[in-house]
Amino acid sequence: MAKRKFGLGLSLLLASSTLLAACGEEETPEVAGDTGDEPTEEEVFSVAMVTDVGGIDDKSFNQSAWEGIQRFGEDNNLEQGDGGFDYLQSASDADYNTNLNNLIRRGFDLVFGIGFLMEGAVAEIAQQQPEAQLAIIDAVVEEPNVASVLFKEQEGAFLAGVAAALMTETGKVGFVGGMEIPVIERFEAGFRAGVEAANPDVEVDVQYTGAFDKAELGKTTANRMYSAGADIIFHAAGATGNGVFTEAKERKEQDPDANVWVIGVDADQYDQGAVGDTNVTLTSVLKRVDNAVYDISTMAMNGEFPGGETIVYGLEDEGVALADSRGAITEDVLAQIEEFKQQIVAGEITVPETVE
Amino acid sequence: MSNRTTNLLVPVLAVVLGLLVGAIIMWVSGYDAIAGYAALWDGIFGDLYRVGETIRQITPYILAGLAVAFAFRAGLFNIGVEGQLIVGWFAAAYVGVAVELPKVIHLPLAILAAAAAGALWGFIPGLLKAKFHVHEVIVTIMMNYIALHVVNALIEVVTGGSERTERIFPSASLRSPFLEALTDYSRLHYGIIVALIMVVVMWFILDKTTTGFELKSVGFNQHASQYAGMKVDRNIILAMVISGAFAGIGGAMEALGTFEYVSSKGGFTGIGFDGIAVALLGMNTPIGVVLGATLFGSLKYGALNMPNAANIPVEIVGIVTAIIIYFVAASYVIRLLIERAARKKEAK
């Protein structure tokens, strides 16, 4: 009996909230009117992005995109918030649609979906909101109001493979991937090809953790690889890769002479690898999501939004690159990397996108 | 204090307390709590789109809550709802893309497939519990991991190497242009009706059938039930199977309604685990589960608007919503204390 009355109490509470909500609804047309007023402030161009589950402090992909948007905002005197630039973070994949919609409703002129995982959501919202301008990174959405951005990750990873193959002392290097999706497989394929091209005798230990947000998994995987004799690990695993850095740093702390290296991904992860005065970061495969985001935003601002098109960034246009190794890679190796780079840019080497 | 006032006062007090503590946390962290709660309210009830999305979010919570509650009534702790939901999600999506049939056959078939997959995932721990006394908590937790990775692998197999299936055929979809138009293109789908039917089904099984009586009896006391001539083993397996079926249907809601596809997952959806809290909040009764799911779903969905409209970081939002739920859950403690005090008075 007591239960039933408690239930009644709660339902009354809910009923009252629904009633109140109904009162609130009358205001909706006004809100809609606000967004309709948007074109009056023609000069201001606003841009926003939705992260996948990584967040803008993932020290990688989402962070890089956010930096691009911030830079775009600064260069165009925008402020964070409505009518300027902003981001929303997703807690689960059910949130993508809502977050995209929220930003469109707030009147942002261009909304980025960051990451392959948002493909479905971007496609759906693009159909529902044909007036909105959307862009997606790392996936192709064939809608007239979506600009798709891809990177030739394999080319950057190829150079990382060359660096790893030439720098390894144990003859064994590792690759830690996030989920087995095409983007990450391009990293793997490029890395393998780079190692193969520079020194076919070097063994590559490949492991996928199945997640982009599980640093502890990255750490255990790195632990296994280092223990099995690998001395350089290239990670393409977002925040999971932070665990790879943690493992390498712990080993370096215990034994300053330990020969452990990490190759970072997406952004220059040099700061990630600092251990006292030394650093475990060999280099990073830069994926200039920031440049791409900046480019697309600029195009859209100038009325040249590449809707329906797919834009691919590679070594040639510095969409991907190797970060400054700050002395970790020797001069002669750097020279060889440069050679490979020129060959790729010249089209003499075509780096495979998939692992055979 | 009369019983009626206590009954009304306790949940209200609990929510108010939760909101207060949440506000303090926002203030201490340097954010505007009033703007935060306004954003939360707006995020749940702000406009028709949000109301639609909130109901959509509530749908799988109801089913996950039912699954946990049902097993609980039979004395079993089903931590495996998450895994059962994931296999159900896959099964429904698979049926949705693999064949094209008239809607009257296709949609029920997809939901049934999800229920069957969830039931199978519940059957295994049930069997192990009944025959070998392996604790269901251990087995169901492990089955979650198996579900996650098996489904990821299966998606690759059925799609030939991709990490996402095609969209399901419209004939298997729970989506409704009518509901979407009504709610300004939210993803509100007919799943809520399925969920509410399942609420009635659970009530009917538990309160109106002999099987339900036996299940509850086993839940209260296995030995007494055995002594009374009930087949305890059979009832344990049955409880897990039905529980798993509810969870599987929860997965179907995502597969046929919210997403219309299934994609590889990097981690658990969390719906199944939240289902435990939903069931306990609802005191394992069907109506209670609906209320618990409403609270959970509304907070979960409304919270998305807090970073959007009030610039409160997701981490703080997570803490605040957790605290509100915590206080609502703790309201039973408040109630218990009040009732105990009242009883003492009567005894004197």
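That block above? That's the structure.
What counts, and where the lines are drawn
- Residues numbered from 1 in each chain as written.
- Chains lettered and ligands numbered in written order.
- Predicted model: local features only at pLDDT ≥ 70, side-chain atom pairs only at ≥ 80, totals over all residues.
- Heavy atoms only, no water.
- Phe/Tyr/Trp six-rings, centres within 6.5 Å; stacked < 30°, edge-to-face > 60°.
- Helix = DSSP H or I, 4+ residues; strand = E, 2+ residues; numbered from the N terminus.
- Buried < 20%, exposed > 50% of the residue type's maximum accessible area, 1.4 Å probe, protein only.
- Lys NZ or Arg CZ within 6 Å of the ring centre and 35° of its normal.
- Pairing = 2+ DSSP bridges.
- Axes fitted to C-alpha atoms, helices over the stretch in contact; angles between N-to-C directions.
- Salt bridge = Lys/Arg side-chain N within 4 Å of Asp/Glu carboxyl O.
- Right-handed = clockwise from strand over helix to strand, strands pointing away.

(A) Summary view of the packing of aromatic side chains. Evaluation of the coordinates by the stated rule reveals 21 aromatic pairs over all chains. Judged by centre distance (5.8 Å) and plane angle (50°), the ring pair of A:Trp66 and A:Phe85 falls under tilted. With a gap of 19 residues between them, A:Trp66 in helix H3 (residues 61-75) and A:Phe85 in strand S2 (residues 85-88) connect regions that are remote in the sequence. Between B:Phe268 and B:Phe273, the aromatic rings sit 5.5 Å apart at their centres with planes inclined by 85°, giving edge-to-face as the arrangement. Exposure remark for B:Phe273: the relative accessible area of 31% places this residue in the partly exposed category. Here the aromatic cluster, defined as three or more aromatic residues joined through ring pairs, consists of A:Phe175, A:Phe187, A:Phe191, A:Tyr208 and A:Phe234. Here the guanidinium or amino end of A:Arg71 rests over the ring plane of A:Tyr294, the centre of that ring lying 4.8 Å away. It is B:Arg164 that lies over the ring of B:Tyr261; its NZ or CZ is 4.4 Å from the centre.

(B) Seen up close, the sheet that holds strand S3 (residues 110-114) of chain A. All names here are of chain A. Read across the sheet, six strands follow the order S2-S1-S3-S4-S5-S13 without closing on themselves; strand pairing throughout is parallel. The two strands at the open ends of the sheet, each matched to only one other strand, are S2 and strand S13 (310-313). Taken pair by pair, the neighbouring strands of this sheet meet at an average axis angle of 20°, ignoring direction. Looking at chain direction, strand S5 (residues 146-151) and S13 are connected through four bridges and run parallel. In the strand pairing of S13, Phe151 is matched with Tyr313.

(C) Main features of the pattern of salt bridges. Taken as a whole and judged by the stated rule, the model has 26 salt bridges over all chains. Between A:Arg224 and A:Asp205 there is a salt bridge, with its nearest N and O atoms 3.7 Å apart. Placement of the pair is A:Arg224 in helix H8 (residues 215-227) and A:Asp205 in strand S7 (residues 203-208), with a sequence separation of 19 residues. Judged by relative accessible area, A:Arg224 falls into the partly exposed class, the value being 37%. A relative accessible area of 15% places A:Asp205 in the buried class. A salt bridge links B:Asp207 to B:Lys216; the shortest N-O distance between them is 3.1 Å. Of the residues examined, B:Asp207 reaches a relative accessible area of 41% and is grouped as partly exposed. Counted as one network, the salt bridges with shared partners bring together A:Glu124, B:Arg167, B:Arg175 and B:Glu260.

(D) Here's a closer look at the pairing of strand S4 (residues 133-137) of chain A. Residues and elements named next belong to chain A. Across the five residues of S4, four count as buried, placing the element largely inside the fold. Bridging between S3 and S4 involves five bridges; their strand directions are parallel. Across the sheet, the residue bridging to Val111 is Leu134, located in S4. Running through helix H5 (residues 119-128), the crossover from S3 to the neighbouring parallel element S4 is right-handed. Where S4 and S5 come together, four bridges link them in parallel fashion. Bridged to Ala135 within S5 is Ala147.

Purely geometric numbers; function is a separate question.
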